[in-house]
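Single-letter residue listing:
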Amino acid sequence: MMRVEVVWSPGPRQTQVREIDLGAGATVADAARAIGLADDGLLAGVWGRRQPPGHPLRDGDRVEFYRPLRVDPKEARRLRYRGQRSTRKEKRPAKAGR
């Protein structure tokens, strides 16, 4: 038997952490099934490095399951910047004499 830590995010700003016991020779897909996640098309990593579902695990590994991104991070940054620019323009006091 081996013990691994499994981390996943069911939703935005939510994190679940659980330690589970698996049999020798267990894989990333076995860890997903053990916590009730479907392993079809699931993005996973071990200690922050992406791994395929068939990757064998070792005792003490940290398995992470990732949700797909909804928005490209660069696009999200652009949208935040545009929002900040428009609020700055609205907050500026009008100059006298114009």
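Keep in mind that what you see is a predicted model, and the values were worked out from it rather than measured.

Some remarks on the sheet that holds strand β4 (residues 49-51)
And step 1. Taken in spatial order, the five strands of this open sheet run β2-β1-β5-β3-β4, and their pairing is mixed. Pairing within the sheet leaves two strands with one partner each, and these edge strands are β2 (16-22) and β4. The average undirected angle you get between the axes of adjacent strands in this sheet is 35 degrees.
And step 2. Of the pairings in the sheet, the one linking strand β1 (residues 2-8) to strand β5 (residues 62-66) comprises four bridges and is parallel in character. Directly across from Trp-8, in β5, lies its bridge partner Phe-65.

Describing the nonpolar core
And step 1. By size, the foremost hydrophobic cluster in this structure holds 16 residues, and its most contacted members are Val-6, Leu-22, Leu-57 and Phe-65.
And step 2. Residue assignment for this core shows that the elements contributing at least two residues are β1, β2, α1 (28-34), β3 (43-46) and β5.
And step 3. Tallying contributions element by element places β1 first for this core, with four residues.
And step 4. Other than its neighbours up to four places away in sequence, Val-6 contacts Gln-16, Val-17, Arg-18, Ile-20, Ala-31, Ile-35, Val-63 and Phe-65.

Brief notes about the pattern of salt bridges
And step 1. The tally for this structure, following the rule as stated, stands at six salt bridges.
And step 2. Of the charged contacts, one joins Glu-5 and Arg-62 as a salt bridge, the two residues approaching to 3.0 Å between their closest N and O atoms. Pair noted here: Glu-5 is in strand β1 and Arg-62 is in strand β5, with a separation of 57 residues, a long-range link.
And step 3. Overall, the relative accessible area of 25% leaves Arg-62 in the partly exposed class.
And step 4. Connected through salt bridges with shared partners, the residues Arg-3, Glu-19 and Asp-21 form a single ionic network.

Cut-offs and rules
- Residues numbered from 1 in each chain as written.
- Predicted model: local features only at pLDDT ≥ 70, side-chain atom pairs only at ≥ 80, totals over all residues.
- Heavy atoms only, no water.
- Pairing = 2+ DSSP bridges.
- Helix = DSSP H or I, 4+ residues; strand = E, 2+ residues; numbered from the N terminus.
- Axes fitted to C-alpha atoms, helices over the stretch in contact; angles between N-to-C directions.
- Core = buried A, V, L, I, M, F, W, Y, C linked by side-chain atoms within 4.5 Å.
- Buried < 20%, exposed > 50% of the residue type's maximum accessible area, 1.4 Å probe, protein only.
- Contact = heavy atoms within 4.5 Å.
- Salt bridge = Lys/Arg side-chain N within 4 Å of Asp/Glu carboxyl O.

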